[in-house]
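# Working through the structure, step by step
Listed below, chain by chain, are the residues.
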Amino acid sequence: MGFLDGFAAKTRSFELRPMRKADITSAFGQWLSDPDVAQALNTRPQVFDQAQLARYVENFNHSDRAILGLFERHTSSHMGLFTAVLSDNKRHVLINMLIAKGARHGSKLMEMPLIWLKVFDTLFYDQDLQSAIASVRSDNRPMVTYLHWSGWQLAGNNPATQLATKDKPTILRFRITKDQYSKRWQNSPLRKVDADHTL
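Now for a description of the structure that goes with this document.

What counts and what doesn't
- Residues numbered from 1 in each chain as written.
- Predicted model: local features only at pLDDT ≥ 70, side-chain atom pairs only at ≥ 80, totals over all residues.
- Heavy atoms only, no water.
- Helix = DSSP H or I, 4+ residues; strand = E, 2+ residues; numbered from the N terminus.
- Buried < 20%, exposed > 50% of the residue type's maximum accessible area, 1.4 Å probe, protein only.
- Contact = heavy atoms within 4.5 Å.
- Areas by Shrake-Rupley, 256 points an atom, 1.4 Å probe, with all protein chains shown as cover.
- Core = buried A, V, L, I, M, F, W, Y, C linked by side-chain atoms within 4.5 Å.
- Phe/Tyr/Trp six-rings, centres within 6.5 Å; stacked < 30°, edge-to-face > 60°.
- Lys NZ or Arg CZ within 6 Å of the ring centre and 35° of its normal.

Assigned secondary structure in the protein consists of eight helices and eight strands. Relative to its 199 residues, the protein shows a buried fraction of 45%. Here the analysis covers contacts within the protein between residues at least 6 apart in sequence; of these, 66% occur between residues at least 24 apart. Surface summary for the protein: the accessible area is close to 10,700 Å², and the carbon and sulfur share equals 51%.

Here you go:
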């Protein structure tokens, strides 16, 4: 069982929850093999069969890791993924966030920070983790911009950033500590609009 098995977050348009067997469909496989999705996951586009999809999801069903799916509520369409892997000492977490293009437009874009607030409140306050690390391709501009805006910092000196070009992207490592998260989000005005977007 994943360490976030009991987690759930809902807004008007979306629901983020642990992946279930019923979610492992051919439609999920097609979505996962989309070039834009593969880029966001730092992998090459590839076609997955049902058995591979099941193994991919099952790989996260352990006490030190979790996989959550982001779904559009009125269509049940897959709109994103969130994976989390705990460090050996259970104090830090390596995460990967993916938000599909359809969830990054208009009023729906405003709902994403509300979803992630619930996620990181759970990780930092309920699970008492001390930091989170995310790896992102340098050409995944929406996610790079979002992480900067959210208070994440490039981890270490990150010399790879100097080598990144449009034709030769590299992997960037971002980090945020519990203290940094609290300073950025504890008194955020977004917490006041949560009731308007969450059931």
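Once you've had a look at it, read on.
Phe 82, Trp 116 and Phe 120 are the most contacted members of the largest nonpolar core, which totals 55 residues. If one sorts the elements of this core by residue count, helix H4 (residues 106-126) sits on top with nine residues. Setting aside residues up to four positions removed in sequence, Phe 120 forms contacts with Phe 82, Ile 95, Met 97, Tyr 125, Ala 132, Trp 152 and Tyr 181.

Turning our attention to the packing of aromatic side chains. In the structure shown here, the tally under the stated rule is 11 aromatic pairs. Geometrically, the ring pair formed by Tyr 56 and Phe 60 is edge-to-face, given 5.6 Å between the ring centres and 75 degrees between the ring planes. Residue classification places Phe 60 among the buried residues on the basis of a relative accessible area of 9%. With 5.8 Å between their ring centres and 35 degrees between their planes, Phe 82 and Trp 116 make a pair best called tilted. Here Phe 82, found in strand E4 (residues 78-86), pairs with Trp 116, found in helix H4; they are 34 residues apart in sequence, far enough to count as distant. Among the residues examined, Trp 116 registers a relative accessible area of 3% and is labelled buried. Members of the aromatic cluster, each reached through a chain of ring pairs, are Phe 82, Trp 116, Phe 120, Phe 124, Tyr 125, Trp 152 and Tyr 181. Sitting over the face of the ring of Phe 7, Lys 118 holds its NZ or CZ atom 5.4 Å from the ring centroid.

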